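Here's the letter readout for the chains.
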Amino acid sequence: MSKFEFPVEASHILMFARSVGDPNPIYADAEQAKDTEPGGVIAPPTFCQASAQFNPDYFLRPKIGEPWFGSGKEPTGAPAGSGGGGTGLHAEQHFEYHRHPRPGDVLTVETRDGETWEKQGRRGGLLKFRESITEYRDQNGELVVTARSIGVQTEKVVEQEG
Amino acid sequence: MALKASELSVGATYEEQVVDNLTRTQLVQYAGTSGDYNPLHTDEVFATQVAGYPAVFAHGMLSMGLTGKALTNYVGDGRLTKYGVRFKAQVWPGDSLTTTITVDEVRDEDGSHYADLSVVTVNQEGTPVIQGSATARLDP
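Per chain, the residues get numbers from 1 upward, laid out in the order the sequence is written. All chains are assigned letters beginning with A, and all ligands numbers beginning with 1, in the order in which they are written. Owing to the predicted nature of the model, reporting of local features is limited to residues with pLDDT of at least 70; listing and counting of side-chain atom pairs is limited to 80 or more, with chain, interface and lining totals taken over all residues. To get the side-chain values, take all heavy atoms of the structure and skip hydrogens and water.

1. Quick look at the overall build of chain A
Per the secondary structure count, chain A includes two helices and five strands. A run of DSSP states H or I qualifies as a helix once it reaches four residues; a run of E qualifies as a strand once it reaches two. Both are numbered from the N-terminal end. Going from N to C terminus, chain A has its helices and strands arranged as β-α-α-β-β-β-β. Along the three orthogonal principal directions, the C-alpha set of chain A runs to about 55 × 40 × 35 Å. Throughout, exposure labels follow a simple rule: accessible area from a 1.4 Å probe, protein chains only, divided by the maximum for the residue type, with under 20% read as buried, over 50% as exposed, and the rest as partly exposed. A burial count over chain A gives 40% of its 162 residues as buried. We call two residues in contact whenever any of their non-hydrogen atoms come within 4.5 Å of each other. Restricting the contact set of chain A to residue pairs at least 6 apart, pairs at least 24 apart contribute 62%. About 8,900 Å² of surface is accessible on chain A, with carbon and sulfur atoms providing 50% of the total. Positive and negative side-chain charges in chain A, numbering 17 and 24 respectively, have mean positions lying 5 Å apart. Only the protein chains shown count as cover for residues, with accessible areas throughout obtained via the Shrake-Rupley method and a probe of 1.4 Å. A residue counts as positive if it is Lys or Arg and as negative if it is Asp or Glu; His and the chain ends are not included. Every charge is mapped to an atom, namely NZ of Lys, CZ of Arg, CG of Asp or CD of Glu.

Laid out in structure tokens, this is it:
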């Protein structure tokens, strides 16, 4: 459960579009975007995932003054005994667009837990699945995007095929 | 440039290469914009020596974003109403990915026209890395 505000900004959309290799001017050029059907810059389809930037508790962002599990002097900065060999991975992601976010929107992001289940995996041992549902509502309280994410915790490192 | 319901038939396909020779730099770029700084994707030392993977690998959401580019190039800007995927296999630096979109159904709902699409993105070996579906609003 978390709730925070996600200000949608033109420069963030531009940089996000670059990072997915998409040169479409509708993400980068307000002048050219005027002549398109949406009539202005809109966010690319997976942009709402970048709301993580504004989640104060997001666990995959280093926090000032706290240990970080990536490499520094040692291959990991994780406190001893915290590793289990398994990995948290993203299994599925679904978006429903009621409209496409635009620069200037301030979206309220609220996530709730969905279902959980387990499955014996072929390559990663016991797999624990966890679903979460996130609603993105605009400054008028209107639903803009609904996202459903399924994460999986593997028991061990996923074996590579071939 | 949106698709027209009157001109679109079930079984029609669209194919696009969405990345050629994926670089580690692009993984860093995506970490920076998405805010997902998991070192599995950007820290080769951690990914190989601690996590036990052969290299860093792409965020699933980067593969979904690359695939989304093919979708919006096909259906037009602002036309998607749904887009969902399963992450089928990891994507590694050096991979080249190609997305194929297939029209499964063209239908009317509440006076608007929609296409239901299936989406698959494969690597250079033809292994699916993303499998999903999408719905787009069409012109008449």
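There's plenty left to go through after this.
2. Examining the overall build of chain B
From N to C terminus, chain B includes three helices and five strands. Going from the N terminus to the C terminus, chain B shows its helices and strands as β-α-α-α-β-β-β-β. Oriented by its inertia axes, the alpha-carbon framework of chain B measures out at about 55 × 30 × 20 Å. Residue burial in chain B is summarised as follows: out of 140 residues, 56% are buried. For chain B, contacts bridging at least 24 residues in sequence account for 64% of all contacts bridging at least 6. Carbon and sulfur atoms make up 45% of the accessible area of chain B, which totals about 5,700 Å². Counting 9 positive and 17 negative side-chain charges, chain B places the centres of these two groups 4 Å from one another.

3. Quick word on the packing of aromatic side chains
Residue and element names in this part refer to chain A. Only Phe, Tyr and Trp rings are paired, with Trp represented by its six-membered ring, and only when their centres lie within 6.5 Å; those with planes under 30 degrees apart are stacked, over 60 edge-to-face, the remainder tilted. Under the definition given, this model contains 13 aromatic pairs over all chains. A centroid spacing of 5.4 Å and a plane angle of 10° characterise the contact between Trp117 and Phe129, whose relative ring orientation is stacked. Of the two residues, Trp117 sits in strand 3 (residues 106-120) while Phe129 sits in strand 4 (residues 126-137), which places them twelve residues apart along the sequence. Assessed through its relative accessible area of 33%, Trp117 is described here as partly exposed. For Phe129, a relative accessible area of 13% translates into the label buried.

4. Considering the packing of helix 1 (residues 10-19) of chain A against helix 1 (residues 24-34) of chain B
For any two helices packed against each other, the geometry is given by the interaxial angle and the distance between the axes. Helix axes are fitted only over the stretch in contact, all axes being lines through C-alpha atoms; the angle between N-to-C directions runs from 0 to 180 degrees. Remark: helix 1 of chain A packs on helix 1 of chain B, axes separated minimally by 8 Å, with the N-to-C direction vectors making an angle of 150°. Relative to helix 1 of chain B, the element helix 1 of chain A is oriented roughly antiparallel. Judged by the sense of rotation from one axis to the other, the crossing of helix 1 of chain A with helix 1 of chain B is left-handed. Here His12(A), Met15(A), Phe16(A), Arg18(A) and Ser19(A) of helix 1 of chain A lie close against helix 1 of chain B, whose contacting residues are Gln26(B), Gln29(B), Tyr30(B) and Thr33(B). Convention used here: angles under 35 degrees read as roughly parallel, angles over 145 as roughly antiparallel, angles from 65 to 115 as roughly perpendicular, and any remaining angle as oblique. Helix crossings are classified by the rotation of the near helix relative to the far one: an anticlockwise turn of less than a right angle makes the crossing left-handed, while a clockwise turn makes it right-handed.

5. Considering the interface of chain A and chain B
The partner chain B presents 45 residues to the 47 residues of chain A that form the contact. In this assembly, chain A packs against chain B so that about 3,600 Å² is buried in total across both faces, 56% of it on carbon and sulfur atoms. Definition used for salt bridges: Asp or Glu carboxyl oxygen within 4 Å of a side-chain nitrogen of Lys or Arg. If you look at where chain A meets chain B, you find two salt bridges. Arg79(B) is paired through a salt bridge with Glu37(A); the nearest N and O atoms lie 2.6 Å apart. Under the rule applied, a polar contact is a pair of N or O atoms within 3.5 Å (in protein, one hydrogen donor and one hydrogen acceptor; residues adjacent in sequence only if both atoms are side-chain atoms). Linking chain A with chain B are 16 residue pairs in polar contact (both at pLDDT 80 or more), by the criterion used here. Among the elements of the structure, helix 1 and strand 2 (88-97) of chain A are those that each provide at least two residues to the side of chain A that touches chain B. When residues of the side of chain A that touches chain B are assigned to their parent elements, the largest contribution, nine residues, is made by strand 2 of chain A. Here's the idea: put two parts together, see how much 1.4 Å probe accessible area each one loses, and the total over both is what we call buried area.

6. As for the sheet that holds strand 3 (residues 97-109) of chain B
In spatial order, the strands read 1(A)-3(A)-4(A)-5(A)-2(A)-2(B)-5(B)-4(B)-3(B)-1(B); together these ten strands make up an open sheet with antiparallel pairing. The sheet terminates laterally at strand 1 (2-7) of chain A together with strand 1 (13-19) of chain B, the two strands that pair on one side only. Strand-to-strand, the axes of this sheet are offset by a mean angle of 20°, without reference to chain direction. In terms of strand pairing, strand 2 of chain A meets strand 5 (residues 143-154) of chain A through nine bridges, oriented antiparallel. Counterpart to Glu96(A) in the pairing with strand 5 of chain A is Thr146(A). Against the sheet, helix 3 (residues 60-75) of chain B engages strand 2 of chain A together with strand 1, strand 2 (80-87), strand 3, strand 4 (112-122) and strand 5 (128-138) of chain B, with an angle of about 145° to strand 2 of chain B. Strands pair, by our definition, only if DSSP identifies at least two bridges between them.

7. Side note on the pairing of strand 4 of chain A
Residues and elements named next belong to chain A. As judged from the eleven bridges shared by strand 3 and strand 4, these two strands associate in the antiparallel manner. Each bridged residue has a counterpart across the sheet, and for Glu110 the counterpart in strand 4 is Glu135. Sheet topology places strand 4 next to strand 5; eleven bridges connect them, and they run antiparallel. Bridging from a neighbouring strand, Glu135 pairs with Thr146 of strand 5. Counted along the chain from strand 4 to the antiparallel partner strand 5, the turn is five residues long, and its residue Gly141 has a positive phi close to 85°.

Geometric descriptors of this kind do not, in isolation, establish any biological role.
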